[in-house]
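Coordinates in review
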Amino acid sequence: MRLGEGLDAVFEPRSIAIVGASQDPTKIGGRPVQLLRKHGYAGPIFPVNPRAAEVQGLPAFASVADLPQAADLAVIAVPAEAAPQAVQDCANRGVRAAVVLSSGFSELGQKGADLQRRLGDIAARTGIRLVGPNCLGTVGVADRAIATFSIVLESEMPSPGPLAIVSQSGNLGSFTMRLAMERGIGVSRFMTTGNECDLDIADGLAWLAGDPATRVILCCMETCRDSAKLVAALDAARKAGKPVVVLKIGSSDVGQAAAASHTGALAGSDAVFDAVFERHGAIRVRSIEQLMNVGHAATVLLPGGLPKGKRVALITASGGFGVMMADAASAAGLAVPRLSEAAQQSVLSVVPYASARNPVDTTAQVSSRPEIMEEVLRAVLADETCDAAMLLLSSSLHLPRLRTVYMEALRRLRAALPDRLLMLVVKGPADAVEELNAMGYPTVDGIDAACATLASLAAMGQASTAPLPSEPDPIDLPQLRPEALAHEHGAKAALAEAGLPVLREHMVADVDAAVAAANDVGYPVVIKIVSPDLPHKTEVGGVVVGIAGEPEMREAYASMMASVRARAPGARLEGVLVAPMVSGGVELILGTKNDPIFGPVVVAGMGGIYAEIMQDVALRTAPVDRATALEMLRSLRVYKMLDGARGRPKADIAAAADAIVALSRFAGHHRDVIGEIDVNPLVVLPEAQGAVALDALIVGVTSHGKETT
């Protein structure tokens, strides 16, 4: 089935059956009946209860088979043991989709997992689409199609609007809907997916991408059960011009363990999720408050209105607040450029005592007359030096005189410059905020939160215009030989076949051969022990560098062999590598890892002995193209060294990027047999001189997914 197929029956059903319907509106089987009636669902409601003639004033039916017509949607609220038969009965009757609210499945162990598997098998065999089990259900707001027992709807429904919510967690999704209602944001659809035996969060995203009622999608995610579906869904939303804002929980080790126990799923590396979201245009946030801030701002701005970049003009009536805003903007990754001379002169012509560079300190004079405020804001917003502007209002709108001044100025400004983004930092009152939002101004309470929101909107704007990611053409590589997984020499030989640059080196069995090899490659040389049991050779004295001639070679060879035999007496020794010394250049670390969810990922960062300490790395899903590889390098702190900082010669950045591309394609090609690759260091030589991998390790994967060398 195509992504999201069948969800029209969930969000826009013409009739709804509640299997396990209860007279008691406080029970899971009773609340959907109550909510459907309370909020005015227009279609037929069919309670199914074999022990009641009517349920909450509606005629009840003893079984699904007794329904007068096949319902589009069924809500399943029976014990877990009875759920498979209930779903089968619905499929037999021609019900198109079912929301399984019941719990007691994979989240409780093997017995529950077996029941859940039966549900999935029924869906696959019959074509009925299932949401859940163990979920809080769904809501199609405009149609009042309520298939949930959420307490959020007990008093009121959200207003119909452009914001959709899809969440694996029921309570988190429900709370998000509550927050949207409190902010006055209209909601189109609400979906919680629970254990995802059939339809999952990717199906929800894909369907919403094609939903005319939805403009912005909020996604609360714990894990991903199908990476290909998730990527396709994110690409569909991006292609449709609908931003996806993701709150991915489980970023810490403790959080990932909790996510796994809560959903019965394996949580992937959090950094890999970051890479996937960035590559496919989703905007990740770290808190539910930021989820709402970004989602709310996007609904105010769209369609159109997103910033094209991260340059912001900051406007305040206080120098101290201006410094705070500049600090917060920088911390959020925003740029605060100096305004153009023309813009500064325009500001000073209106407020001669202002500080007009950026931040713009208008002084308190702007509070006196609307036309002064309007002229200052118009001068700043019209300046192409910045992509957006931010105005600090704080609590000014609580004062009637100031509210009149600001509202009049902002109303005129919107009419004059409808396409320029001005974010307002404002703390109520609620009716004033609502009025500002209706004018097209996004509002956020708090300087730090506003800067973080604007940074997310800038990322959203850049993602909306970026081309969809494309996969490089497949490559033809020879089958991986056993020695590639056995030792450094075999690993580098395999990587060289894939296009990674390596040195000309020799593997030898005795000291005489080592001397001959050194004479061939030229002194000075380095020697390294070759052993499948010693991936970290330096720890046993298995590396000697800077050997300048034959006498030194003979002494170093004997000393190294003695050290290795003493420190690792059981290690299998297969020979010694002799390679020329390389001096100068910038050391990088390149690597790949086979993520359990998303497959191979490629990493580039500061290399050498401090790689793990500095944690200066960039990560992307593999394979990558050259443009992505260059972007990875530019994101590193060590890039300044590559680019010739402090008088250093510029490094061959193009060669480093080519090495990243070659490594990523090699890992993608061998994803079934390679678990990890470590190239440390890759020495990037001065410009036009290339790069070279000095050490490499390839770790294999067994048939059970465990790594093996």
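For the structure itself, look to the data block above.
Residues numbered from 1 in each chain as written. Predicted model: local features only at pLDDT ≥ 70, side-chain atom pairs only at ≥ 80, totals over all residues. Heavy atoms only, no water.

Structural notes on the side chain of Arg31
To keep things clear, this is the line we draw: Secondary structure follows DSSP: runs of H or I at least 4 residues long count as helices, runs of E at least 2 residues long count as strands, and numbering of each begins at the N terminus. Whether two residues are in contact is decided by their heavy atoms: any pair within 4.5 Å suffices.
With respect to the element layout, Arg31 can be found in helix α2 (residues 31–38). Those residues within four positions of Arg31 in sequence are excluded, and the remaining contacts are Asp24, Pro25, Thr26, Phe149, Ser150, Ile151 and Glu154.

Overview of the sheet that holds strand β1 (residues 16–19)
Spelled out, the test is: A pair of strands counts as paired when DSSP detects no fewer than two bridges linking them. Under this scheme, a helix contributes an axis fitted over its contacting stretch, all axes are lines through C-alpha atoms, and angles between N-to-C directions fall in the 0 to 180 degree range.
Strand order in the open sheet formed by 5 strands is β2-β1-β5-β6-β7, and the pairing between neighbours is parallel. Of all the strands in the sheet, the pair left with one neighbour each is β2 (45–48) and β7 (129–131). Neighbour-to-neighbour, the strand axes of the sheet open up by a mean angle of 20°, direction not taken into account. As judged from the 4 bridges shared by strand β5 (residues 73–76) and strand β6 (residues 97–100), these two strands associate in the parallel manner. Residue pairing in the sheet places Ala74 in a bridge with Ala98 of β6. Sheet strands in contact with α2 are β1, β2 and β5, and its direction is about 155° off that of β1. Here helix α3 (residues 83–93) sits on the sheet in contact with β1, β5, β6 and β7, set at roughly 170° to β5.

So, the environment of Glu505
To keep it simple, the criterion reads: By the criterion applied in these results, polar contacts are pairs of N or O atoms within 3.5 Å in which, for protein atoms, one can donate a hydrogen and the other can accept it, and in which residues neighboring in sequence qualify only through two side-chain atoms.
Position of Glu505 relative to the elements: it lies in the loop between α17 (488–497) and β20 (506–508). Taking the C-alpha atoms as reference, Glu505 lies 26 Å from Ala566; in sequence the two are 61 residues apart. When residues no more than four places from it in sequence are discounted, the contact partners of Glu505 are His489, Lys492, Leu577, Val578 and Ala579. Here Lys492 takes part through its side chain, which lies 2.8 Å from a polar atom of the side chain of Glu505.

Here's the deal with the pattern of salt bridges
What counts, and what does not: Salt bridge criterion: a side-chain nitrogen from Lys or Arg within 4 Å of a carboxyl oxygen from Asp or Glu. In this scheme, a residue with accessible area under 20% of its type's maximum is buried, one over 50% is exposed, and one in between is partly exposed, where area comes from a 1.4 Å probe on protein chains only.
Throughout the structure, instances matching the rule amount to 44 salt bridges. Note that Asp72 is salt-bridged to Arg96, the shortest N-O span being 3.8 Å. Taken together, the residues span a long stretch of sequence, with Asp72 in the loop between β4 (58–59) and β5 and Arg96 in the loop between α3 and β6 at a distance of 24 residues. Its relative accessible area of 34% is what places Arg96 among the partly exposed residues. In this structure, Asp198 engages Arg129 in a salt bridge whose closest nitrogen and oxygen atoms are separated by 3.0 Å.

Here's the deal with the sheet that holds β20
The 4 strands lie next to each other as β20-β23-β21-β22, forming an open sheet whose pairing is antiparallel. Each edge of the open sheet carries a strand with a single partner, namely β20 and β22 (543–547). The average angle at which neighbouring strand axes cross in this sheet is 25°, direction not considered. Along the sheet, helix α18 (residues 511–521) makes contact with β20, β21 (525–530) and β23 (575–580), crossing β20 at roughly 170°.

A word on helix α15 (residues 430–439)
Selection criterion: This arc corresponds to the set of directions leading from the helix axis out to the C-beta atoms.
Among all positions in α15, only Ala432, Val433, Leu436, Asn437 and Met439 are buried. Burial along α15 is one-sided: seen end-on, the buried residues are contained in an arc of 155°. Residues of α15 that are exposed and point more than 90 degrees away from the buried face comprise Ala430, Glu434 and Ala438. The inward-facing, buried residues of α15 contact α10 (288–301), α14 (400–416), β18 (422–426) and β19 (443–444). Phi turns positive one or two residues past the end of α15, at Gly440, with a value near 105°.

Overview of the pairing of strand β24 (residues 586–595)
Buried residues dominate β24, accounting for 7 of its 10 residues. Bridging between β24 and strand β27 (residues 674–684) involves 7 bridges; their strand directions are antiparallel. The residue bridging Leu588 from the neighbouring strand is Leu682, located in β27. One ladder, built from 8 bridges, connects β24 with strand β25 (residues 599–606); its direction is antiparallel. Within the sheet, the bridge partner assigned to Asn594 lies in β25 and is Pro600.

Some words on α2
Every buried residue of α2 is listed here: Arg31, Pro32, Val33, Leu35 and Leu36. Considering only its buried residues, α2 is in contact with β1, β2, β3 (54–55), β4, β5 and β9 (145–148). The first or second residue beyond α2 is Gly40, which carries a positive phi of 85°.

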